[in-house]
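Spelled out from the first residue to the last, the chains are:
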Amino acid sequence: MNSNDASSDYPLQLLRHPATPAPVVSTIEARALFRSDGFLELAFRLRGDMARLLIPTLPTEDRKLLWEHTCFEAFVASVSDTAYREFNFSPSGQWASYAFSDYRLADETAAMIDSPQITSRLFAGRMELEAVIFPDALLAGSRKLLLGLSAVVEAADTVDGSHSYWALRHPSPRPDFHHRNSFAFELVKPR
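Now for a quick tour of the structure. (Residues numbered from 1 in each chain as written. Predicted model: local features only at pLDDT ≥ 70, side-chain atom pairs only at ≥ 80, totals over all residues. Heavy atoms only, no water.)

**Considerations on the environment of R35**
The test is simple: Put simply, DSSP marks the helices as runs of H or I at least four residues long and the strands as runs of E at least two long, and each gets a number from the N terminus on. Partly exposed describes any residue whose relative accessible area lies between the buried limit of under 20% and the exposed limit of over 50%, with all areas from a 1.4 Å probe on protein chains only and scaled to the type maximum. Whether two residues are in contact is decided by their heavy atoms, any of which lying within 4.5 Å being enough.
Turning to its location among the elements, R35 is positioned in the loop between β2 (25-34) and β3 (40-48). What makes R35 partly exposed here is its relative accessible area of 26%. A C-alpha to C-alpha distance of 34 Å links R35 and A51, two positions 16 residues apart in sequence. Those residues within four positions of R35 in sequence are excluded, and the remaining contacts are E41, V132 and P190.

As structure tokens, this is what we get:
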């Protein structure tokens with residue numbers, strides 16, 4: 001996938017991992033683009049039975065556990081390096097970010113980042129979340145990036161498991177958003 005595939009305002013389709021049922025979610029679509037000022041703008045639209053989903057509206061005590069509930073995620077990697085960043089965005093407005101030097105290898109030397117701007121809206125039959133990431137939070141020195149866009153969705157009343165996992169691509173038998181082959185969208189930073 002590349003940034004020229006734009007066919008709508010949400011041109012990217014997230015796919016449900018086949019091992020996780022999601023009877024109350026119809027689709028999850030996304031968009032990612034660089035603004036002219038260098039900020040990365042992400043947007044997600046989830047369609048489904050919103051009354052049967054658990055949507056966080058209040059902050060949790062531990063931002064490191066946002067992925068345990070409904071949240072949207074972005075993984076940003078350089079085409080030419082193993083380092084990558086992970087960003088988690090909750091509908092409650094909370095966020096978390098992590099730096100890795102390689103597959104699941106935390107990079108404790110990475111600098112703290114400015115808080116992204118997050119907007120979340122809930123409608124009958126859909127939820128939309130937008131996040132804007134400051135340029136300093138992204139990998140320096142690389143213009144061509146690979147993005148892995150994903151979502152964890154928590155249902156309130158399903159029998160076969162309450163979480164479903166969605167991503168642009170699922171290269172593993174179990175959900176693994178950190179897998180490099182799931183970083184399936186190429187995006188070029190503006191000059």
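**Overview of the side chain of D176**
Here D176 lies in the loop between β11 (163-167) and β12 (185-188). Residue contacts for D176: discarding those within four places in its chain leaves Y103, R104 and S182.

**Focus: unusual backbone geometry**
The backbone of R104 shows a phi angle near 55°, a positive value even though the residue is not glycine. With respect to the helices and strands, the residue R104 is situated in the loop between β6 (95-102) and β7 (105-106). Taking relative accessible area as the criterion, R104 reaches 46% and is therefore assigned partly exposed.

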